[in-house]
Amino acid sequence: MSSFDPTPLTEPVDRATVKAYRKQLIASGRAPRGSGATGIVLGVIAALFFGFTLLNTVVGAIASAAQGGGFGSFALLLVIGAVGVGATLLIVRGIRGSAERWYRLDRFAQANGLTWYPQSVAPSLPGMIFGQGSSRQANDIVRGERPRFVEFANYRYTTGSGKNKTTHRWGYVVIKLASPLPHIVLDAVGNNALFGSNLPRVFDKDQRLSLEGDFDRHFALYCPQGYEQDALYLFTPDIMARFIDHAAELDVEIVDDWLFLYAKRDFSTLDPSTWAWLFSVVGALLDKLGQWERWRDDRLAAPSVPMTQDAAGAASLPFTPPAQALRPPIGVAPQGRRLQGGVPWVAIVVVGVFAVVFFAFQAGFFGLLR
């Protein structure tokens, strides 16, 4: 990949160029789903709203003058007209702003040897944030294929319904690994919420592993029970230092042959400093992933098979490796593929306390009424 070039994110952009780009994007089928129809509908609504507001303002002003209305009535009509014009301009600006954003991100991706994709509905990734809720969608995806697959994107999903509906916003980076590893989560301490982890899943505390140095001040590491030595093999002091120095504000998940970095903020933005930070994080980790790819799960070692007389003779030859030196195959045993879920005790206790206080208050209030 060439050197980092953030110029397309901030350089001046010609409006006609962006307009032509948007048309080309829609014609090629690369535009976000429904964006062409949405733009037309919003444009029609803006035109009708502007025309209606202008006509209503003019007619109202004439009628007010004819009936001897004072300055107050005329001023009110002007305010209504100004609001209508302002709303129209916001709609138009929103349409243009989306197209300019796509144009800038597309050119930024190209300048850095990457490819921009507008969206992916319900991406089939194994990370913990991707199986939550409904209306799952990744937006403004910036993806590279060399030296290994890397993807940056913003992600949304919703939970609840009606008044209790909540949209959850994440940014993620995903790096493809050469081989599967045990399911490991690094819960960043620095981005936790008031009542604990901000992650959408809770893990059994028995899977928590303490590491040396000050790593525990920055991350809570979870690994499947029985895989503690494997986690220590993967998280050597130099790799721990990389995570502390470059990714201390990011939650990390290793699952199957993927490495995920999460945060509750947009990653794919028009902010050059955000991209410089993310590129530095990926760069710091890439040259250390080779150490992980030498790991093998001893639990997958093939059972010994009694040798025939001919095989026993062949095994004595100097260039035949002894059976105990053969490495297990690439992969992870079933017990190491997924962490066990836990119970969110902190949230349960907080809700319980609020419920007790609420009902106690109600009981006291109605007691006073009696």
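Our structure's up above, just so we're on the same page.
Here's a quick rundown of the structure. Note that the structure is a prediction, hence the values are computed from the model and not measured.

**Section: helix α8 (residues 272-286)**
- Over its 15 residues, α8 runs 21 Å from end to end, which matches the ideal 21 Å to within 8%, given 1.5 Å per residue.
- Buried residues of α8: T274, W275, L278, F279, V281, V282, A284 and L285, and no others.

**Describing the pairing of strand β7 (residues 251-263)**
- Within β7, twelve of the 13 residues are buried, leaving the element largely enclosed by the surrounding structure.
- Pairing of strand β4 (residues 166-188) with β7, which is carried by ten bridges, proceeds in the antiparallel orientation. Within β7, the residue paired with V185 across the bridge is E253.

**What about helix α2 (residues 15-28)?**
- Along its 14 residues, α2 runs 20 Å from first to last C-alpha, staying within 8% of the 20 Å computed at 1.5 Å per residue.
- For α2, the complete set of buried residues consists of V18, Y21, R22 and L25. Seen from one end, α2 has its buried residues packed into an arc of 100°, which puts them on one side. Looking at α2, the residues exposed on the side facing more than 90 degrees away from the buried face are A16, K19, K23 and A27.
- The residue sitting at the N-terminus of α2 and contributing the capping side-chain oxygen is D14; that oxygen lies 3.2 Å from the backbone nitrogen of A16.
- One or two steps after α2, the chain reaches G29, where phi turns positive at roughly 80°.

**Quick notes on the packing of aromatic side chains**
- Under the defined criterion, the tally for this structure stands at 25 aromatic pairs.
- Look at F130 and F260: their rings are 5.6 Å apart centre to centre, the planes differ by 50°, and that puts the pair in the tilted class. In this pair, F130 sits in the loop between β1 (115-121) and β2 (134-144) while F260 sits in strand β7, placing the two residues 130 residues apart along the sequence. No difference in accessibility class separates F130 from F260, as the two residues are buried.
- Relative to F235, the ring of F215 has its centre 6.3 Å away and its plane inclined at 50°; by these criteria the two rings are tilted.

**Remarks on the pattern of salt bridges**
- Going through the model one piece at a time under the given rule, you end up with 14 salt bridges.
- Among the salt bridges present, the one from D266 reaches R156, with a minimum N-O distance of 2.7 Å. Residue D266 is located in the loop between β7 and α8, and its partner R156 is located in strand β3 (residues 150-159); the two are separated by 110 residues in the primary sequence.
- Note that D257 is salt-bridged to K176, the shortest N-O span being 2.8 Å. Of this pair, D257 sits in strand β7 while K176 sits in strand β4, and the two are 81 residues apart along the sequence.
- Residue D257 is classed as buried on the basis of its relative accessible area of 19%.
- When its relative accessible area of 27% is taken as the criterion, K176 is described as partly exposed.
- Put simply, D230, D297 and R299 are held in one network by salt bridges that share partners.

Conventions and cut-offs
- Residues numbered from 1 in each chain as written.
- Predicted model: local features only at pLDDT ≥ 70, side-chain atom pairs only at ≥ 80, totals over all residues.
- Heavy atoms only, no water.
- Helix = DSSP H or I, 4+ residues; strand = E, 2+ residues; numbered from the N terminus.
- Expected span 1.5 Å × (residues − 1).
- Buried < 20%, exposed > 50% of the residue type's maximum accessible area, 1.4 Å probe, protein only.
- Pairing = 2+ DSSP bridges.
- Arc of directions from axis to C-beta.
- Polar contact = N/O pair within 3.5 Å; in protein donor to acceptor, adjacent residues only side chain to side chain.
- Phe/Tyr/Trp six-rings, centres within 6.5 Å; stacked < 30°, edge-to-face > 60°.
- Salt bridge = Lys/Arg side-chain N within 4 Å of Asp/Glu carboxyl O.

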